[in-house]
Amino acid sequence: MTGSTREGGGPRLTVGVPVYNGESFVAETLEALLAQEYRDIVVVVSDNASTDGTRAICEAFAARDPRVRYHREEVNRGGAWNFTRVLELAGSELFAWNAADDVALPGHLARCVEALDAHPEAPLAFDRVQLIDAGSRVFDELGDADLDFTSPHPHERLLHFLSRQAVHIEYGVWRTEFLRDIGGEPEYRGGDVVLGAALLLRAPAVLVPQQLFQARRHAEQGSRLRGVLAQMRENRPAVRFTLALPQTRILAELVRAVLHAPLGTRERLRCLRAVWVGWAWPRRRSYAGDVKQNVLALGGLVVGRASA
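Structure report, in brief. Since the model is a prediction, treat every value here as computed from it, not as a measurement.

Quick look at helix 10 (residues 265-280)
- Between its first and last C-alpha, helix 10 extends 21 Å over 16 residues, near the 22 Å set by a 1.5 Å rise per residue.
- Among all positions in helix 10, only E267, R268, C271, A274, V275, G278, W279 and A280 are buried. The buried side chains of helix 10 occupy one side of the element, clustering within an arc of 155 degrees when seen end-on. Turned more than 90 degrees off the buried face of helix 10, the exposed positions are T265, R266, L269 and R273.

Things to note about a nonpolar patch on the surface
- Judged by side-chain polarity, W276, V277 and W281 come together as a nonpolar surface patch covering roughly 330 Å² of accessible area.
- With respect to the helices and strands, the residue W276 is situated in helix 10.

Describing the pattern of salt bridges
- Going through the model one piece at a time under the given rule, you end up with 21 salt bridges.
- Between D47 and R72 there is a salt bridge whose closest N-O contact spans 3.0 Å. Within this pair, whereas D47 is found in strand 2 (residues 41-48), its partner R72 is found in strand 3 (residues 68-73), the two being separated by 25 residues in sequence.
- Between R85 and E73 there is a salt bridge, with the nearest N and O atoms lying 3.8 Å from each other. Taken together, the residues R85 in helix 3 (residues 79-88) and E73 in strand 3 connect sequence positions 12 residues apart.
- Given a relative accessible area of 13%, E73 falls into the buried group.
- Connected through salt bridges with shared partners, the residues E73, R77, R85 and E88 form a single ionic network.

Observations concerning unusual backbone geometry
- Positioned with a positive phi, S136 is a non-glycine residue whose angle comes to about 70 degrees.
- Topologically, S136 is positioned in the loop between strand 6 (124-132) and strand 7 (138-141).
- Take S136: its relative accessible area is 28%, and that puts it in the partly exposed class.
- Positive phi outside glycine occurs at Q165, with the angle close to 50 degrees.
- Following the sequence through the fold, Q165 ends up in the loop between helix 5 (154-164) and strand 8 (173-175).

The rules behind the values
Residues numbered from 1 in each chain as written. Predicted model: local features only at pLDDT ≥ 70, side-chain atom pairs only at ≥ 80, totals over all residues. Heavy atoms only, no water. Helix = DSSP H or I, 4+ residues; strand = E, 2+ residues; numbered from the N terminus. Expected span 1.5 Å × (residues − 1). Buried < 20%, exposed > 50% of the residue type's maximum accessible area, 1.4 Å probe, protein only. Arc of directions from axis to C-beta. Patch = residues over 30% accessible without salt bridge, like charges linked within 9 Å, V, L, I, M, F, W, Y side chains within 5 Å. Areas by Shrake-Rupley, 256 points an atom, 1.4 Å probe, with all protein chains shown as cover. Salt bridge = Lys/Arg side-chain N within 4 Å of Asp/Glu carboxyl O.

Remember, this is a structural readout, not a statement about activity or role.
Below you can see the structure in the form of structure tokens.
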């Protein structure tokens with residue numbers, strides 16, 4: 001598949017690239033997207049007030065290829081906000097996120113679109129993932145060959161997702177309106193877990209069996225942030241300090257997602273059990289850790305003020 005057979009209108013697929021200070025990797029990311037076998041795309045880049053060379057790199061790509069559309073914010077509003085922003089800017093039937101440090105291999109978009117066309121009941125198709133390092137060398141894979149989210153029972157799909165922590169599926173190709181209807185990327189740490197749950201509580205997702213997406217692991221990525229304040233600033237850069245319970249918040253939002261999903265009573269209870277078995281119980285020690293992190297952060301704040 002190299003394009004769409006639709007007459008008129010804009011591109012069928014928008015690829016959203018949220019970026020902040022991504023000069024090390026964003027050129028490789030954009031080159032990979034422009035080299036995709038599937039050509040009926042627009043690449044929307046949202047620059048969250050980068051202070052490095054990201055702007056010049058992205059503007060050069062936009063000048064070179066009309067499929068690249070560059071948007072810049074003058075204030076950094078946080079990573080999750082920027083994921084929502086590229087979805088807001090999409091005007092197409094289909095949508096895909098591509099982090100500014102990840103690499104789409106040539107068949108990534110084409111195979112996912114083909115899977116959606118073959119499965120009209122599915123709002124998301126995703127492929128398998130290789131892990132690459134800062135030098136773009138493959139060093140591992142996610143072990144995702146046996147992921148299966150096609151069960152007709154929401155609780156089975158949900159339990160499989162939570163047990164496998166398969167948050168990478170969000171980097172597949174979505175039906176845009178469905179993604180918007182479930183709220184897009186929640187603007188808090190761990191929102192990708194809740195997004196996947198909201199999807200699978202409502203519909204199946206289809207696996208493309210090839211490894212066609214490369215997720216980068218490197219020292220500067222947000223997932224490696226430690227400490228409650230640093231984690232909060234990833235999505236709320238201006239925050240000074242406030243109490244936060246990130247693991248407890250994820251659990252509460254998962255329960256909320258189940259309670260708000262269009263389910264019958266029996267299936268809702270089964271889904272609540274899936275949250276307990278697949279997420280809450282395996283992380284039972286992390287909720288005390290939430291409290292400990294806040295106590296340590298608050299203690300550091302008090303000491304800092306006393307010495308000021």
